[in-house]
Amino acid sequence: MKQKKQKVSIIVPIYNVEKYLLSCIDSILSQTYPYIEIILIDDGSPDQCGNICDKKAIFDDRIRVIHKKNGGLSSARNIGLELATGEYIVFVDSDDTIHERFIGAI
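Residues numbered from 1 in each chain as written. Predicted model: local features only at pLDDT ≥ 70, side-chain atom pairs only at ≥ 80, totals over all residues. Heavy atoms only, no water.

**Student:** Help me out: how do you make sense of the nonpolar core in this one?
**Tutor:** As a rule of thumb, soluble globular proteins bury nonpolar side chains together. Counting residues in each nonpolar core, the largest one holds 22 residues, and the members touching the most others are I10, I28 and L40. For this core, the elements supplying multiple residues, two or more each, are β1 (8-14), α1 (18-29), β2 (36-42), α2 (49-59) and β3 (63-67). Beyond its immediate stretch of four places on either side in the chain, L40 contacts V12, I14, I25, C53, I63, R64, V65 and I66. Ranked by size, the runner-up nonpolar core spans 5 residues in total, among them I11, I39, I41 and A84. (Core = buried A, V, L, I, M, F, W, Y, C linked by side-chain atoms within 4.5 Å. Buried < 20%, exposed > 50% of the residue type's maximum accessible area, 1.4 Å probe, protein only. Helix = DSSP H or I, 4+ residues; strand = E, 2+ residues; numbered from the N terminus. Contact = heavy atoms within 4.5 Å.)

See the structure below:
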């Protein structure tokens, strides 16, 4: 019997982290576990974060970008939870990077 591939939703609230954001997103895209969706929540960031997210989403259909008025970290995470379609949820801070097998342990 073939086991169902379980999708992992990775939610990234984003605000004023332009300097770190590309490294964060690239580390998520480098995951060895292929069944992921990446939900990038631009929480009204005043820098170029929203544009960076939009450009990344053009090249990878696993990325969904949401632009919203600034409401804080909890607000951004809650929107991500509402939109997530995965069986599992992971939160990643937008100024962090994760190991390529971070999700692979599932």
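Anyway, onward from the coordinates.
**Student:** Any chance you could explain the sheet that holds β3 here in plain terms?
**Tutor:** Sheet strands pair by backbone hydrogen bonding; their relative direction is either parallel or antiparallel. Taken in spatial order, the 4 strands of this open sheet run β3-β2-β1-β4, and their pairing is parallel. In the strand order of this sheet, the two ends are held by β3 and β4 (88-91), each with one partner. Across the sheet, the mean angle separating the axes of adjacent strands is 20 degrees when strand polarity is ignored. Here α2 sits on the sheet and contacts β1, β2 and β3; the angle it forms with β3, its principal contact strand, is near 150 degrees. (Pairing = 2+ DSSP bridges. Axes fitted to C-alpha atoms, helices over the stretch in contact; angles between N-to-C directions.)

**Student:** Which parts of the structure should I look at to understand the side chain of S9?
**Tutor:** Here S9 is to be found in strand β1. On the accessibility criterion, S9 (0% relative accessible area) is buried. A polar contact is formed between the side chain of S9 and the backbone nitrogen of T85, at a distance of 3.4 Å. Setting aside its immediate chain neighbours within four residues, S9 contacts E37, A84, T85, G86, Y88, I89 and V90. (Polar contact = N/O pair within 3.5 Å; in protein donor to acceptor, adjacent residues only side chain to side chain.)

**Student:** Just checking my understanding: could you explain the pattern of salt bridges for this structure?
**Tutor:** Working definition: two side chains of opposite charge can pair if their charged atoms are close together. According to the stated counting rule, one finds 5 salt bridges in the structure shown. With a closest N to O distance of 3.3 Å, R64 and E37 form a salt bridge. Pair noted here: R64 is in strand β3 and E37 is in strand β2, with a separation of 27 residues, a long-range link. Here R64 falls in the partly exposed class, since its relative accessible area comes to 29%. (Salt bridge = Lys/Arg side-chain N within 4 Å of Asp/Glu carboxyl O.)

**Student:** Please explain the packing of aromatic side chains as it appears in this structure.
**Tutor:** The description of two aromatic rings rests on the distance between their centres and on the angle between their planes. On inspection of all chains with the given rule, the structure shows 1 aromatic pair. One residue, R77, lies across the ring of F91, its end atom 5.0 Å from the ring centre. (Phe/Tyr/Trp six-rings, centres within 6.5 Å; stacked < 30°, edge-to-face > 60°. Lys NZ or Arg CZ within 6 Å of the ring centre and 35° of its normal.)

**Student:** Looking at this structure, how should I read α1?
**Tutor:** One full turn of an α-helix is made of 3.6 residues, so residues set three or four places apart face in the same direction. An ideal rise of 1.5 Å per residue puts 16 Å on 12 residues; α1 measures up with 17 Å between its terminal C-alpha atoms. For α1, the full list of buried residues reads L21, C24, I25, S27 and I28. The buried residues of α1 all sit within an arc of 160 degrees when viewed along its axis, so they share a single face. Elements that come into contact with the buried residues of α1 comprise β1, β2, α2 and β3. (Expected span 1.5 Å × (residues − 1). Arc of directions from axis to C-beta.)

**Student:** Help me understand the packing of α1 against α2 in this model?
**Tutor:** Relative orientation and spacing of two packed helices are given, respectively, by the angle between their axes and the distance between those axes. Where α1 contacts α2, the axes come no closer than 10 Å and their chain directions differ by 25 degrees. When the interaxial angle is binned, α1 and α2 end up roughly parallel. The crossing of α1 and α2 is right-handed. Residues E18, L21, L22, I25, D26 and L29 of α1 lie in contact with α2, whose contacting residues are C49, I52, C53 and K56. (Parallel < 35°, antiparallel > 145°, perpendicular 65-115°, else oblique. Left-handed = near helix turned anticlockwise from the far one by under 90°.)

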